[in-house]
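# Structural features, examined
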Amino acid sequence: MVVLRHRGTFLRRLLEHGQTLVHEAELLWDGSRYGAGVLDATRSPLHPSARETLLAALEAGWADPRRLHREGRRARHLLDRARESLAASLGARPDEMSFHPSGAHALRTGLAGLRHARRRVGTRVLTSAVDQAVLLNEAHDADAGFRPLSVDRLGRLAPETLRLAVAQGPPVAAVALQQANGEVGTSQPVEDLFSVCREARLPLLVDGTASLGRVDPPGTYDVLVGDASTVAGPPLGVLVVRTGTRFDLPDPRWEPEHGREPADPWVPVALAAAEAWQQAVHVRPDESTSARALVDRIRGAAAAVPDVDVVGDPVDRLPHVVTFSALYVDGESIVDALDRRGIVVASGSACTSSRLEPSHVLAAMGSLTHGNVRVTLPLESVSPRRAEDVEALCRELPGVVAELRSRLGVGDL
Amino acid sequence: MSTEPEPDLDARGLKCPLPVIRLARLARELPSGTTLLALADDPAAEADIPAWARMRGHTVTLEQRGGHTAYVVVLG
């Protein structure tokens, strides 16, 4: 009710001033259930508590937290609370943790700080073929001859592969690796990879943008990065630099966010992110068990469709992520056909006109890149009927794939 | 001028999943042990043709040739 009242007031104020953009949003919203059919929660609808926190903070925490007046001091207090809360959720200290405009920004900043601090020791950055494009780009920027570390068919990096790469070639500045893959779900052996880094006295950045909040934070890292949208918060990057880590940014000295950002975050967003994270940690054991079973259900249903390749580790994986590819069909057509049946999924295929390169993750694993469907389950607290949405996907999938194949005349290939 | 054999399939200019579909159509008619040469320039084909071959029990070798890639497929 609080939410509706806020929304009503907001609308009325805008309408009185003759604004029209709110009409756009109102016209586009068809009034269906919030988050209905959404099985693509890489950017999720907000958690109800995060939404309420955001709305309340719009009134209490809109000000610049650097101002010395009452409004500024209140915003500063809320920002400090958000930092304390989020740091606690991550098992870190508030003075280790900073907010960044996005997960990708936080990854770049985290890596830049490690690289610059060790620039006289080494220059190379090591990362794997299934890590995020932003890390691959940074690694290539550091060394034009960079080759990503190869992974196995499940998308897993072997510690031995990292050990060999460290030993061969010029000195390394930093290693940046994911906790688990956000496209295929496969978990990485972070503890063992950290041991390899420790032996070689190299700092390790762990990319938890797809995993943190859904699984426990890793016990071992130097730098850790997360994204509040993973836990149904607003998209917001968080960066933890462990005390004692050599970290120094090349840019001019900044004040905000322990000197890691040129500007303070917008306080309402930071507070909503902290609230979403707190809620996610609170429900994690049950949430994880339930999501895991739903993903098992999808894996089984997809594998039962002829010539469908279900990708990634079936067991040692994120609880809420699964991807599969249907031979001879293009991903965009599956996304469209499911969308028309009220089921919202993503695709890593390149057959769409908007992208030229297929998912580098699927390619690195030797998996089919066309006909790809990627499911990222929303939290149950955001989408209480997600189990029904999963059932709908499992029910519709065989027919959708068969129909598309018959239209292409490839049913007998 | 060239001693290069004529490709069995020239899928250059075709986007995924068409190169794989054309290759599969060709392969269906032929006995196991047959060798096929296919050309494609869609970047997705470099992942998709080997993945298709794995799913169908064929073996494939790739050779990058500047603007396109040559695939030699031995049917299983």
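In the block above lies the structure referred to throughout.
Everything in this summary refers to the structure shown in the same document. (Residues numbered from 1 in each chain as written. Chains lettered and ligands numbered in written order. Predicted model: local features only at pLDDT ≥ 70, side-chain atom pairs only at ≥ 80, totals over all residues. Heavy atoms only, no water.)

### Section: the pairing of strand β1 (residues 97-100) of chain A
All names here are of chain A. Here is the rule: Burial classification: accessible surface area is computed with a 1.4 Å probe over protein chains only, and a residue below 20% of its type maximum counts as buried, one above 50% as exposed, and the rest as partly exposed. Only runs of H or I of at least four residues qualify as helices and only runs of E of at least two qualify as strands under DSSP, and these elements are numbered from the N terminus. The criterion for strand pairing is that DSSP finds at least two bridges linking the strands in question.
Burial along β1 is two-sided: the face carrying Met97 and Phe99 and the face carrying Ser98 and His100 are both buried. Taken together, the four bridges between β1 and strand β6 (residues 237-241) define a ladder with antiparallel strand orientation. Along β6, the bridge assignment pairs Met97 with Val240.

### Topic: the sheet that holds strand β7 (residues 308-311) of chain A
All names here are of chain A. Keep this limit in mind: Axis definition: a line fitted to C-alpha atoms, limited for helices to the stretch in contact. Angles are taken between N-to-C directions and run from 0 to 180 degrees. Contacts between residues were defined by any pair of non-hydrogen atoms, one from each residue, lying within 4.5 Å.
As summarised here, the arrangement of the three strands in space is β7-β8-β9, forming an open sheet in which the pairing is antiparallel. Taken across any chain shown, the strands that pair with only one partner, and hence form the sheet edges, are β7 and β9 (372-376). Across the sheet, the mean angle from the axis of one strand to that of its neighbour is 20 degrees, orientation sign disregarded. In this structure, β7 lies alongside strand β8 (residues 321-326), joined through four bridges in antiparallel fashion. Each bridged residue has a counterpart across the sheet, and for Val308 the counterpart in β8 is Ala326. The strands that helix α10 (residues 267-303) touches are β7, β8 and β9; relative to β8, the one it contacts most, it runs at about 5 degrees.

### Section: the pattern of salt bridges
Residues and elements named next belong to chain A. Short version of the rule: Counted as salt bridges are all cases of a side-chain nitrogen of Lys or Arg within 4 Å of a carboxyl oxygen of Asp or Glu.
Inspection of the entire model under this criterion finds 34 salt bridges over all chains. One salt bridge in this structure joins Arg83 and Glu257, with 2.8 Å as the shortest N-O distance. Placement of the pair is Arg83 in helix α4 (residues 70-90) and Glu257 in helix α9 (residues 256-259), with a sequence separation of 174 residues. Each of Arg108, Arg115, Glu138 and Asp141 takes part in a single network of salt bridges with overlapping partners.

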